[in-house]
Amino acid sequence: MDIVIKCITEKYVDFSTRAPRKEFWLFALCYTVVYFILIGIDISAGTYNLEIGFGVISGIFGLLTIIPYLAVTVRRLHDTNRVGWWVLIMLIPLVGAIWLIVLFCLKGSEGENRFGGDPLSNQ
């Protein structure tokens, strides 16, 4: 859990270093769980809008966490020695999402790469 809190506090706008798989997937898991809980709260409170797919509370959460989510995504791509612009592959329907998930699952490059030192060697 400390990894996720560190992503939101210390690494809020860190787009230049590397993130290991564990950091990315724990952040994505916590983000998804909290988002679905907030959608449930929105539905219970009557603030969920079915047409747009989110409510007031979940929408505010999404706006507040889009930058750290994007930052951890870019850092994960950096760990595989790819530039953060690879995130734009999501614009290709279906194939882009699948390919990005594959990139997220790849092992990071060992040792130092052009984006910094190996995050696993620091642990």
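Residue indices follow the written sequence of each chain, beginning from 1 at its first position. In keeping with the model being predicted, local features are shown solely for residues with a pLDDT of at least 70 and side-chain atom pairs are shown and tallied solely at 80 or more, while totals for entire chains, interfaces and linings include all residues. Side-chain descriptors were evaluated using all non-hydrogen atoms of the structure, hydrogens and water having been removed beforehand.

Trainee: Got a minute to help me understand the packing of aromatic side chains in this structure?
Mentor: The description of an aromatic ring pair uses the distance of the two centres, along with the angle that the planes make with each other. Side-chain rings of Phe, Tyr and Trp (the six-membered ring for Trp) are treated as a pair once their centres are within 6.5 Å; stacked means planes under 30 degrees apart, edge-to-face means over 60, and tilted covers the remaining angles. Scanning the entire structure with this criterion turns up nine aromatic pairs. Ring geometry for W25 versus F104: centroids 6.4 Å apart, planes at 85°, classification edge-to-face. Remark: F104 occurs in helix α4 (residues 95–105) and W25 occurs in helix α2 (residues 21–45); sequence separation between them is 79 residues. Owing to a relative accessible area of 36%, W25 belongs among the partly exposed residues under this scheme. Residue classification places F104 among the buried residues on the basis of a relative accessible area of 7%. Summarising the aromatic geometry, the rings of Y31 and Y35 are spaced 6.1 Å apart at their centres and angled 5° between planes, so their arrangement reads as stacked. Under the DSSP-based scheme used, a helix requires at least four consecutive residues in state H or I and a strand at least two consecutive residues in state E, with every element numbered from the N terminus. Only protein chains enter the accessibility calculation, which uses a 1.4 Å probe. A residue is then buried if its area is under 20% of the maximum for its type, exposed if over 50%, and partly exposed in between.

Trainee: I'm lost on unusual backbone geometry in this one. Help?
Mentor: Backbone phi values are negative for most residues with the exception of glycine, while trans is the configuration of most peptide bonds. Positive phi outside glycine occurs at N81, with the angle close to 65°. Despite not being glycine, L94 has its phi angle at roughly 60°, a positive value. With respect to the helices and strands, the residue L94 is situated in the loop between α3 (56–79) and α4.

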